[in-house]
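Okay, here's what each chain looks like letter by letter:
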Amino acid sequence: MFESVRVDGRAPAQVVVTGMFEGGGLEPAVRDLDADGSIATAVGRPEATGECGRIVETFPRDRKPAPRVLVVGLGKRDKFKVDVLRNAAAAAGRRLAQLREGVASLEFDGVLRTVKFDPMLAGRCFGESIGLLAWTYDTFKSKKRELAAKRGKLGLRSTSKAFTKGLAHGLSLAESTNLTRRLSQTPPNVATPEWMAEEARKLARAVGLTCTVIKGKQLEAEKLVGLINVGKASENKPCLIRVEYKPRKVAAGKAGKKVVLIGKTMTYDSGGLSLKINNTMVGMKRDKDGGCAVLGAMHAIATLVKPSRPVVGLLAAAENAISDEAYRPDDVITYRNGTSVEVTNTDAEGRLVLADALCYACQVEKPAFIVDLATLTGGVITALGSTYAGLFCNDNNLRDRVEAASVSSGERVWLLPLHDEYREMMKSEIADIINSNANRKAHPIQGAAFLSHFVADGVPWAHIDIAGVHAVDADTGPFVKGPTGWGTRLLADLLAMA
Ligand code: BES
Ligand code: ZN
Ligand code: ZN
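Residues numbered from 1 in each chain as written. Chains lettered and ligands numbered in written order. Predicted model: local features only at pLDDT ≥ 70, side-chain atom pairs only at ≥ 80, totals over all residues. Heavy atoms only, no water.

How big an interface is tends to be stated in terms of accessible area lost as the parts join. Splitting the protein by domain gives domain 1 (2-158) and domain 2 (179-497). The straight-line distance from the C-alpha centre of domain 1 to that of domain 2 is 37 Å. Listed by partner, the interface residues are 13 residues for domain 1 and 19 residues for domain 2. When domain 1 packs against domain 2, close to 1,400 Å² is buried across both sides, 55% of that on carbon and sulfur atoms. Looking at the side of domain 1 facing domain 2, the largest losses of area belong to Leu132, Trp135 and Tyr137, adding up to 44% of the total buried there. At the boundary of domain 1 and domain 2, one finds four salt bridges. Two residues, Asp493 and Arg124, come together in a salt bridge whose shortest N-O distance is 3.0 Å. Here domain 1 is connected to domain 2 by eight residue pairs in polar contact (both at pLDDT 80 or more). For the side of domain 1 that touches domain 2, the secondary-structure elements that each account for two or more residues are α3 (82-99) and α5 (119-133). Among the residues making up the side of domain 1 that touches domain 2, the classes are represented as six nonpolar, two polar and five charged. (Domains from an automatic or database assignment. Contact = heavy atoms within 4.5 Å. Buried area = accessible area lost by both parts, 1.4 Å probe. Salt bridge = Lys/Arg side-chain N within 4 Å of Asp/Glu carboxyl O. Polar contact = N/O pair within 3.5 Å; in protein donor to acceptor, adjacent residues only side chain to side chain. Helix = DSSP H or I, 4+ residues; strand = E, 2+ residues; numbered from the N terminus. Nonpolar A, V, L, I, M, F, W, Y, C, P; charged D, E, K, R; others polar.)

A few words now on helix α14 (residues 396-409). Between its first and last C-alpha atoms α14 spans 20 Å; for 14 residues at 1.5 Å apiece the expected length is 20 Å, and the two agree. Here α14 has its buried residues at Leu398, Val402, Ala405, Ser406 and Ser409. End-on, the buried residues of α14 take up no more than an arc of 105 degrees, which puts them together on one face. Seen from the buried face of α14, the exposed residues on the opposite side, beyond 90 degrees, are Asn396 and Val407. Here α14 starts with a cap whose side-chain oxygen sits 3.1 Å from the backbone nitrogen of Asn397, and that cap is Asp395. The positive-phi residue at the C-terminal boundary of α14 is Gly410, with phi of around 80 degrees. (Expected span 1.5 Å × (residues − 1). Buried < 20%, exposed > 50% of the residue type's maximum accessible area, 1.4 Å probe, protein only. Arc of directions from axis to C-beta.)

Considering only enclosed or pocket space, the largest pocket measures out at about 1,200 Å³ in volume. Every residue lining the largest pocket is counted, 42 residues in all, and those nearest its centre are Lys276, Met284, Thr377, Gly378 and Gly379. At the level of secondary structure, the elements contributing two or more residues to the lining of the largest pocket comprise β9 (259-269), α13 (379-384), α16 (443-452) and β18 (471-472). Considered as a void within the structure, the second largest pocket measures approximately 460 Å³ in volume. For the second largest pocket, the lining is made up of 20 residues, of which Asn87, Gly410, Arg412, Pro478 and Phe479 are closest to its centre. Broken down by secondary-structure element, the contributors of at least two residues to the lining of the second largest pocket are α3 and α5. Residues of the lining of the second largest pocket, tallied by class, amount to six nonpolar, nine polar and five charged. Split by domain, the residues of the lining of the second largest pocket number at least three in each of domain 1 (2-158) and domain 2 (179-497). (1 Å grid on protein atoms, 1.4 Å probe; cavity = no way out; pocket = protein on both sides within 12 Å on 5 of 7 lines; lining within 4 Å. Points joined across faces, edges and corners; volume = space filled by probe spheres on them.)

What follows covers the coordination of the zinc ion (ligand 2). Protein coordination at the zinc ion (ligand 2): the donors are Asp269 (OD), Asp347 (O), Asp347 (OD) and Glu349 (OE), at 2.0 to 2.2 Å from the metal. Here the zinc ion (ligand 2) binds six donor atoms, and the angle range of 73 to 169 degrees at the metal identifies the geometry as irregular. Motif for the zinc ion (ligand 2), donor spacing along one chain: D-x77-D-x1-E. A separation of 3.2 Å is found between the zinc ion (ligand 2) and the zinc ion (ligand 3), which are bridged by Asp269. Residue Asp269 is located in strand β9, and its partner Asp347 is located in the loop between β12 (340-342) and α12 (350-365); the two are separated by 78 residues in the primary sequence. With relative accessibility at 22%, the residue Asp347 sits in the partly exposed group. (Donors = N, O, S within 2.8 Å, 3.2 Å for Na, K, Ca; no water. Tetrahedral: all angles 85-135°; square planar, octahedral: opposite > 155°, others 65-115°.)

Attention now goes to the site of ligand 1. Close to ligand 1 lie 16 residues, the nearest being Lys276, Asp287, Asp347, Glu349 and Gly378. One of the side-chain nitrogen or oxygen atoms of Glu349 is found 2.9 Å away from an oxygen atom of ligand 1. Contact distances for ligand 1 include 3.4 Å between a nitrogen atom and a backbone N or O atom of Leu376. Relative to its unbound accessible surface of 520 Å², ligand 1 loses 82% to contact with the protein. Using a 2 Å cut-off from the grid points, one finds that ligand 1 occupies the largest pocket. When its residues are assigned to classes, the shell around ligand 1 shows four nonpolar, six polar and six charged. (Near = heavy atom within 4 Å. Areas by Shrake-Rupley, 256 points an atom, 1.4 Å probe, with all protein chains shown as cover. Sits in = over half its atoms within 2 Å of the grid points.)

The strand order across the open sheet formed by three strands is β11-β12-β16, and the pairing between neighbours is mixed. The two strands at the open ends of the sheet, each matched to only one other strand, are β11 (332-334) and β16 (433-434). Pairing analysis gives two bridges linking β12 to β16, with the strands arranged parallel. Directly across from Glu342, in β16, lies its bridge partner Ile434. (Pairing = 2+ DSSP bridges.)

A few words on the sheet that holds strand β10 (residues 311-320). Taken together, the eight strands give an open sheet; going across it, the order is β7-β8-β10-β9-β13-β17-β14-β15, and neighbouring strands pair in mixed fashion. Both edges of this open sheet fall to β7 (210-215) and β15 (413-415), since each of them pairs with a single strand only. For this sheet the average axis-to-axis angle between neighbouring strands, irrespective of direction, equals 20 degrees. Two elements, β9 and β10, share ten bridges in a ladder whose sense is parallel. Residue pairing in the sheet places Ile262 in a bridge with Leu314 of β10. Strands in contact with helix α11 (residues 289-305) are β8 (239-245), β9, β10 and β13 (369-374); relative to β9, the strand with the most contacts, it is inclined by about 140 degrees. On the sheet, α12 packs against β7, β8, β9, β10, β13 and β17 (461-465) and is oriented at approximately 155 degrees with respect to β9. (Axes fitted to C-alpha atoms, helices over the stretch in contact; angles between N-to-C directions.)

It is worth spelling out the nonpolar core at this point. One broad rule of soluble globular proteins: the nonpolar side chains tend to lie buried together. Core analysis: the biggest nonpolar cluster contains 52 residues, and Ile241, Leu261, Met298, Val371, Ile464 and Leu491 have the highest contact counts within it. With ten residues, α11 is the single largest residue contributor to this core. In this structure, Val371 is in contact with Val260, Leu261, Ile262, Ala462, Ile464, Leu491 and Leu494, ignoring residues within four places of it in sequence. Judged by nonpolar contacts, the second largest core, of 46 residues, contains Leu85, Ala97, Phe117 and Phe163. (Core = buried A, V, L, I, M, F, W, Y, C linked by side-chain atoms within 4.5 Å.)

Listed below in structure tokens is the structure:
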């Protein structure tokens, strides 16, 4: 929608954007902007309902050089919260994209003071929403230049210092999220496990992380059997990608302990021999979105959050394909922590590669806690739709922190249960556990119950099933149809407070 968006404090603004609540009329601070009374006239028009995202425009005569004012609806005053502001900001951003004016001044301090809303957080919401709107993906378009020429360059500013600071923070988070979205959008004939590894190396070089890739014989030496088996039918070979952030100064005690972020990175999920049917395969290039979000979060961690503890990202990357070498339903594989798994369904492949990463994290990294992100089950879409991701957690303290990061980032999670009865459901007759129970019960929880076998005792762990939230099928809020980069901002916020 925009060619670029940046904070621009110097250039004169061509547009002033401000807000109003439903039925609220003009706030005193907005009135200050209204020398000739034209804003008051505009908000008195019948279409100026103040509904979230509804915009009225006016052209005050005496304002130079800002001839246009947008007044954005902020909804009902008593229902106002961060989500509403993010959507209002997205609506304002979409209008700014149509206008193609160079610089917009965002003036919300006055109106938000009436609901005691933190101006820095408000700036962040605007930065995120407008930065997310700026995402484009023309890589495979033949007429890239023409497309780029149609988009404007937008500068954003505010007379409020706190708001401006938030704006820069939000734009930075959007940049990390847009990195995630680019990876997600890349088609599977390009985005192979090795391509993901190369992207991780590039990121590491650009922002000062270290990157190592375990592949081939090394996978065998490390006994990463899930990746080996799931990935063996494809000519695009599997790998475990490890990216590490090291702080300049490590905090003392627990606060300085390493955090591990794990992402399911299935560059394509055909289902394997348990083949996906009836076109349910379309879109499975996005089965790598857990890993994409971990890389985006590592970008945010290295460039913006800079926590005082090490953070390791592990991407379990493979392609679930078919050939005479494919792993099969009935195969048994034994993991490095000793757990044996009877494969009952090759389409429940994500948990098999995540199991490697969880074992590796617990045995090699010795983490303070682990969070994994995975497009794990269709069942979580049935349960929660696209409104919440499914959260599973074995530790109340970690759960509180993930939920707090969920609130500040606007990436919603809903806690689903872990219970020993679900682990019972995963018992195998010939091995320790099966990878899927055909009883069609509680699939997202089966996934989590399976994964719990690979988390060492005492390690706090959160599993987030993002199958319902990693993409949208129509333009919504700050997103265009396609990948949302879900998890990038939640993980960044989690590390900001952890
Ligand atoms: N990658 C899919 C889950 C998925 C489905 C993600 C739809 C995004 C959209 C996963 O590997 C899968 O196939 N899961 C199966 C598990 C079943 C075979 C136990 C599912 O959910 O149907
Ligand atoms: Zn699958
Ligand atoms: Zn999958």
